[in-house]
Amino acid sequence: MAFRRSSCYPVSLLGLLPLLLLPSAAIRHHTPATSSAIIPAFREAPAFQNGATCTSGADHLIHIVMPLDTNYIRGTMAAVLSILQHSTCPENVGFHFLSVRLDSPIFSLIKSTFPYLKFKMYQFDPDRVRGKISKSIRQALDQPLNYARIYMSDILPEDVKRVIYLDSDIIVVDDVAKLWGVDLGRKVLAAPEYCHANFTSYFTDTFWKDAELAAAFEGRRPCYFNTGVMVVDVDQWRKGGYTQKVEEWMAIQKQKRIYHLGSLPPILLVFAGNIKNVDHRWNQHGLGGDNLEGKCRGLHPGPISLLHWSGKGKPWLRLDSRRPCTVDYLWAPYDLYRSSRVAIEE
């Protein structure tokens, strides 16, 4: 398969940072089924070629898992482009998309946008979580696909031993092989930890006042981590029965209301304080603001390898409404949507 590197999308992060000085107002493997949903159109992405130092073969494949939803597909396309563009060995990157429906138009859309992409689509059955999801503070967090990350070990083929899980609202501005190369040791999961965050706020008073429940963290120093960027040993997850452990906390939540935020808290209950810490540069999260209003936020100090619009505000929506935050202009150059127009007022 022939790949070529293109310079059609000059998206150096350093080159875009001056824009931040402007005020925000100024700037399962399948035969796909069919669907009647309206599918957006995207420009074809350039093809990308491995560098001279790359080694090919299945043993060198980087497995990336992402959810795939029509409401977020614009973010997914931008994320994929960013990963490929900044990879030294883009031919060694393979994508596993988890979707509630296996739609032929979506499959065709990915193929037409990324003709050379290595990818597979898998169906996540929403019945897996029906009756297990508790209402959270934001409707988007209650969608079944938001819980698909918990079931990766059941969905992916057994020869996929290790993956990087990424949400759809991210942009990678570094070689993803660096994240892939994190030494998990004996840990099941790796992610940036934020031990300065108020961890107790992720759970209700009902949880903390119940000594038996709160004892879940005994022997651990739990810290918050964002589940939108994780390196996961899928094989160890499967062998350790971690899906069932997360589900047990979801069942308790249905009875006692011990947290507010979707799929994040039950994963924290199982893993917080027992993961491999990753440099914060790999999840510059919170760029979408909070979960209620999605107000603009700036970048945190320090180096950046991955930008993450977690929170209510999504860059493509804010750009389309002509009310972007300054950080949204860092996302815009990766947008392949055919109708994209970014207007900067004089």
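Residues numbered from 1 in each chain as written. Predicted model: local features only at pLDDT ≥ 70, side-chain atom pairs only at ≥ 80, totals over all residues. Heavy atoms only, no water.

**Q** How do you make sense of the sheet that holds strand β1 (residues 62–67) when you look at a structure like this?
**A** To summarise the sheet geometry, strands pair through backbone hydrogen bonds and adopt either a parallel or an antiparallel arrangement. Here seven strands make up an open sheet; going across it, the order is β3-β2-β1-β4-β9-β6-β10 and the pairing mixed. Looking at which strands have only one partner, the edges of the open sheet turn out to be β3 (118–123) and β10 (276–277). Of the pairings in the sheet, the one linking strand β2 (residues 93–99) to β3 comprises six bridges and is parallel in character. By the bridge assignment, L98 is partnered in β3 with Y122. Of the strands in this sheet, β1, β2 and β4 (162–166) are in contact with helix α2 (residues 73–85), which crosses β2 at around 165°. (Pairing = 2+ DSSP bridges. Helix = DSSP H or I, 4+ residues; strand = E, 2+ residues; numbered from the N terminus. Contact = heavy atoms within 4.5 Å. Axes fitted to C-alpha atoms, helices over the stretch in contact; angles between N-to-C directions.)

**Q** Help me understand the pairing of β1, please; the structure alone is not making it clear to me.
**A** Looking down a regular strand, the side chains alternate between one sheet face and the other. Judged by how many residues are buried, β1 sits mostly within the fold: six of six residues are covered. Here β1 shows a buried face lined by I62, I64 and M66 and a second buried face lined by H63, V65 and P67. As defined by bridge partners, β1 adjoins β2 across six bridges and the pair is classed as parallel. Bridging from a neighbouring strand, P67 pairs with L98 of β2. Assessed by its sense of winding, the connection that carries the chain from β1 through α2 to β2 is right-handed. Note that β1 and β4 share two bridges and pair parallel. Following the sheet pairing, V65 is matched in β4 by Y165. (Buried < 20%, exposed > 50% of the residue type's maximum accessible area, 1.4 Å probe, protein only. Right-handed = clockwise from strand over helix to strand, strands pointing away.)

**Q** Any chance you could explain the environment of F124 here in plain terms?
**A** Residue placement: F124 occurs in the loop between β3 and α4 (152–155). A C-alpha to C-alpha distance of 8.4 Å links F124 and Y151, two positions 27 residues apart in sequence. Among all residues touching F124, those that are not within four sequence positions of it are S99, V100, V129, P144, L145, Y147, A148, Y151 and I155.

**Q** Mind showing me how you'd approach unusual backbone geometry here?
**A** Excluding glycine, most residues fall at negative phi; most peptide bonds, likewise, are trans. You will see that R257, though not glycine, has its phi angle at about 55°, which is positive. Tracing the sequence through the fold places R257 in the loop between α9 (242–256) and α10 (264–271). A relative accessible area of 32% means that R257 is categorised as partly exposed. The backbone phi angle of R322 is positive, close to 60°, even though this residue is not glycine. In this fold, R322 is placed in the loop between α11 (315–320) and α12 (328–331). Overall, the relative accessible area of 57% leaves R322 in the exposed class.

**Q** Teacher, can you tell me more about the pattern of salt bridges here?
**A** Where charged atoms from two side chains of opposite charge approach closely, those side chains can pair. This model, assessed by the stated rule, comprises 13 salt bridges. Between D103 and R101 there is a salt bridge; the shortest N-O distance is 3.7 Å. Between D210 and K256 there is a salt bridge, and its shortest N-O distance comes to 3.3 Å. A residue pair is termed long-range when its members are at least 10 positions apart, and D210 in the loop between α6 (205–209) and α7 (211–214) and K256 in helix α9 qualify at 46 residues. With a relative accessible area of 21%, D210 lands in the partly exposed category. Look at K256 and you get partly exposed, because its relative accessible area is 38%. One continuous salt-bridge network, built from bridges that share partners, spans R74, D320 and D335. (Salt bridge = Lys/Arg side-chain N within 4 Å of Asp/Glu carboxyl O.)

**Q** Would you mind going over the state of the cysteines with me for this structure?
**A** Covalent bonding between the sulfur atoms of two cysteines defines a disulfide. This structure, assessed with the given rule, holds three disulfides. Between the sulfur of C54 and that of C89 lies a disulfide, 2.0 Å long from S to S. Across the disulfide from C54 to C89, rotation about the S-S bond amounts to roughly -95°, and the bridge is consequently left-handed. Residue C54 is located in the loop between α1 (13–16) and β1, and its partner C89 is located in the loop between α2 and β2; the two are separated by 35 residues in the primary sequence. An identical accessibility class is assigned to C54 and C89; each is buried. (Disulfide = S-S within 2.5 Å.)

Bear in mind that shape data such as this cannot, by itself, settle questions of function.
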